[in-house]
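Understanding the architecture of this molecule
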Amino acid sequence: GPNLGGLRVPVEEFLASFGPLAQQRALTLTPGLHLLATSAAGENESSSQNGSSCDQGNVSEMLAFEQWAMRDYPAEGTSTWGHLCFDTTQGRTNPLSQSFFILGMKALSNFDYNFCTFDYNKLIKLQKDFVMAYWGRAMCESQLLWNSENPVESGSFLKMGRAMQKKNSVILSDREEGYYRAAEALNDYSRNWTMCSAGISQTQPCRFKAFFEANTALYKLYPWDANTGAYVVLSSLALASVVCDDFGPGKCPLADHARSLGEEFFTMPGYSSNPASIHYSLHAHDYPYAEIYESGVKFAERYPKVVNGSVHSLHMPSHIYQRTGQFPEAASGNEQSVTSADEFSMSGALKYRGGPVGSLSWNPALLVSGYGFAYNAGNVYHSLEYEAYEVLQSCNFPEAALETERMGVASFQALAMGGGRTIEQPDTDHKITNLGSAWFNSTTYYGWFYRMEARLYQEAALSSLLGGVGKAAYEGPGVGGSSSLASSLPLPLAWNGSTDYSNSYYAPQSEAGLWNAIGLASVFGGPERMAELIEKALSQANWSDVQQALSEDDQVSSDPWAAGGKAYPWEGACGGSMPGMKSSAECTVMMGQKRIAEVAQFYLDQNITYEGKLTRVLWLQVASAAALGEGDLPASLRLPRQASGL
C-alpha cells in the first residue's frame, strides 16, 4: 500500500515532478546497442568494457559450493544462478575478487540476501579496498520488493566504501560511480528532502524516486549493461509500491513503465538471459489482473530455465501460476525450490552450523546464519508456504499437513534458539507487554506457521462440510480432525520491527487468518453440526427479514463492525455446564473476532487499506458464522454481502 504520510506536498504534485515517463526512457533499443561504445558519455573504462566483455574472474580458487553457484552455460541458455556480466575496475587486476563480486551480484539478483551478505562480507575481508564490494553489501540490505530495507546499515557500508576509496586513491569508472551514487541516494534518509518529511519511512517516496531517476540515467548512458535496465524495473516497482494505491492496468504509470521495459528486454541480447532483468520483470506482472499476469507467463517459464539452481528462481513462477490456476505447475516449482534449499543446506556449505557460510550465532535481523533451519529462511519457508497452499487446491491434506508440520518444527527451532527470556507483565493491568526476545526473533517463523495452519483448517472445514473430499481425511486439529482447536490458539505476535520480514506488515494478518479459520471451524464443527445449525436457523427465521437480507435494495451498513459491535465478553469461565455459561467454542469465536478487529484497525490506522479491508472481510466471515450459530439467518446472509462490498 502507499506510504504517503511523509510527503510534504499532495501526491499529485509529487508524481507530476517526474514529467512524462516517456522522457525517462532511453531511445528504443536495437539488438546491436549492447555493443555500443560509450566513450562519448565520459566512460573511462577500457574498450573491453563496452558490453562485449563478461569478466568472471578466477572461479577456480573458490570453494566447491561457490563454484557450483557460479556455473554458467551461456551457449545452452542456462546456469545455476544466472548469466550476469558486471566488469569492475579493480576486478581487472584482482581476478578472485572479481569472481566474488559477480557471485554476490547473482545472489542479489535472485533475492538470496543471506548469501549476498555472506559473499560481500567475505570479499571485503579478502580485499578491504575493493570499493564496489561495499556497494554490494549495502544493496543486500535493500530488499525493496519485500517491503524491507535498512538504510542505516546500508549507509554505513557505503560510507566505509567511500573512506576506503579515498584512503587508497581508488578511481572507479563513471559507470561504477553511477551505481554507487544511486545507492547513496536510495539510503540517504537524513537528507532534507524538499517533498518529504524527516524519517526513514517518511522519506521513502523521495529516496525511491531519486533511486529511480539515477538508474534511469545509468540505463540511458550504458544500455549494453543489462543490470542498468533491470534496476530501472526494480526501482520503478519499489517507487510504485509507496506512491500508488491502484495497480490495475493503466492505474499506476510506474508499474506500467516497469512492465513495458520488461517486455522490451525479454527479446534483447544480454537482457533476455540476465537474472535480474527476467526476475524483476516477472515481479512487474505479479498483480491480480488477468490483463497483467497472463502476459507474465513467458517470464515465469523462462526464469527457472536461465537460473536453474536458485531457491527463489524455482519458486517465483508460482506467483503467476497461482493466478492462472496452474496449481500442479506451481506446486512442482515450489517442491523443487525447497529441495534446492535442502541440497544447499546439506552440501557442506553450512555443516548445520559454523560452516563456511554464517556463524554460530543466530539473529534474524542479521540474516546470515550457519544453522540449517535458519539459512535463507525468507525464501525457503515462503516456498514451503506456497507449496502447502497449492497442494490443498487438490485436497491433498496429508501432504499439506506434513509441510505445515515442518514449518511448526522450524518455528520452535527459532524460538528455542533465542533461549526463552522471561515474559514481562506489568502489575497495573496484568497485560503481557513483552514475550521476550526469543519470541520476538521467531515472529516471522510463527507468521508462516499460523498462515499455513489457517489454510489447512479452512480447507479441511470445507472438505468436511462437502462430505469429505480429497486424498485422505485430515487428522489434525479443526473440523474433521481428531484433536481440539484449543491446542492451536495463536499467541500474539510482535507487530513492530523486522525479523526475517517486516513484522508490522505480515504478523498481524497471520494472526487474523488463523483466528478466522479457528472461528469458522469452531462454529461449523462438521457436517452434522452444520445441519443442526441450518435446521435451527430455518426454524427461527422470520422470512420477511430473510427476503430483505437477500434483496438488492437492502442497505448494507458501511460500518465494518455492524451486527456484532465491539463487545466480546469472553473473559468469564468457559466450557462448563452451568446455565448461561458460554461454551469453549463460543469464547473462542469471540476471542477471534476481537483479535481480527484489532488487526483490521491496526492496518487502517497506518493507511494500509488493502490489508485493512481484507481483514475486515475475515471479521465479517466469522461474524456471519457466529450469527448462523445463534440462529440469526438474516444477519448471517447480510454480513457476507457487506464483505463483498469491501
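All values derive from a computational prediction rather than experimental measurement. (Residues numbered from 1 in each chain as written. Predicted model: local features only at pLDDT ≥ 70, side-chain atom pairs only at ≥ 80, totals over all residues. Heavy atoms only, no water.)

1. Points about the state of the cysteines
In a disulfide, the sulfur atoms of two cysteines are held together by a covalent bond. Taken as a whole, this structure holds five disulfides when the rule is applied. Put simply, Cys244 and Cys252 are joined by a disulfide, and their sulfur atoms are 2.1 Å apart. Its S-S torsion of approximately 70 degrees makes the covalent link between Cys244 and Cys252 right-handed. Across this residue pair, the class does not change: Cys244 and Cys252 are buried. Between the sulfur atoms of Cys574 and its disulfide mate Cys587 the distance is 1.9 Å. Taking the sign of the S-S torsion, about -85 degrees here, the bridge from Cys574 to Cys587 comes out left-handed. Of this pair, Cys574 sits in the loop between α23 (543-550) and α24 (584-605) while Cys587 sits in helix α24; the two residues are 13 residues apart in sequence, bridging distant segments of the chain. Among the cysteines of the chain that take part in disulfides, numbered as they appear in the sequence, the pairing is 1-2, 3-4, 5-6, 7-8, 9-10. (Disulfide = S-S within 2.5 Å. Buried < 20%, exposed > 50% of the residue type's maximum accessible area, 1.4 Å probe, protein only. Helix = DSSP H or I, 4+ residues; strand = E, 2+ residues; numbered from the N terminus.)

2. Re a nonpolar patch on the surface
A cluster of nonpolar side chains, contributed by Ile534, Leu538 and Trp543, occupies part of the molecular surface with about 290 Å² of accessible area. Positionally, Ile534 belongs in helix α22 (residues 527-540). Judged by relative accessible area, Ile534 falls into the partly exposed class, the value being 38%. (Patch = residues over 30% accessible without salt bridge, like charges linked within 9 Å, V, L, I, M, F, W, Y side chains within 5 Å. Areas by Shrake-Rupley, 256 points an atom, 1.4 Å probe, with all protein chains shown as cover. Salt bridge = Lys/Arg side-chain N within 4 Å of Asp/Glu carboxyl O.)

3. Concerning unusual backbone geometry
We note that Phe111 has phi near 60 degrees; this positive angle belongs to a residue other than glycine. Looking at the element boundaries, Phe111 is found in the loop between α3 (95-109) and α4 (113-126). When its relative accessible area of 2% is taken as the criterion, Phe111 is described as buried. Despite not being glycine, Asn376 shows a phi value in the positive range, around 60 degrees. By secondary structure assignment, the location of Asn376 is in the loop between α16 (327-345) and α17 (377-392).

This is a description of form; function is not addressed.
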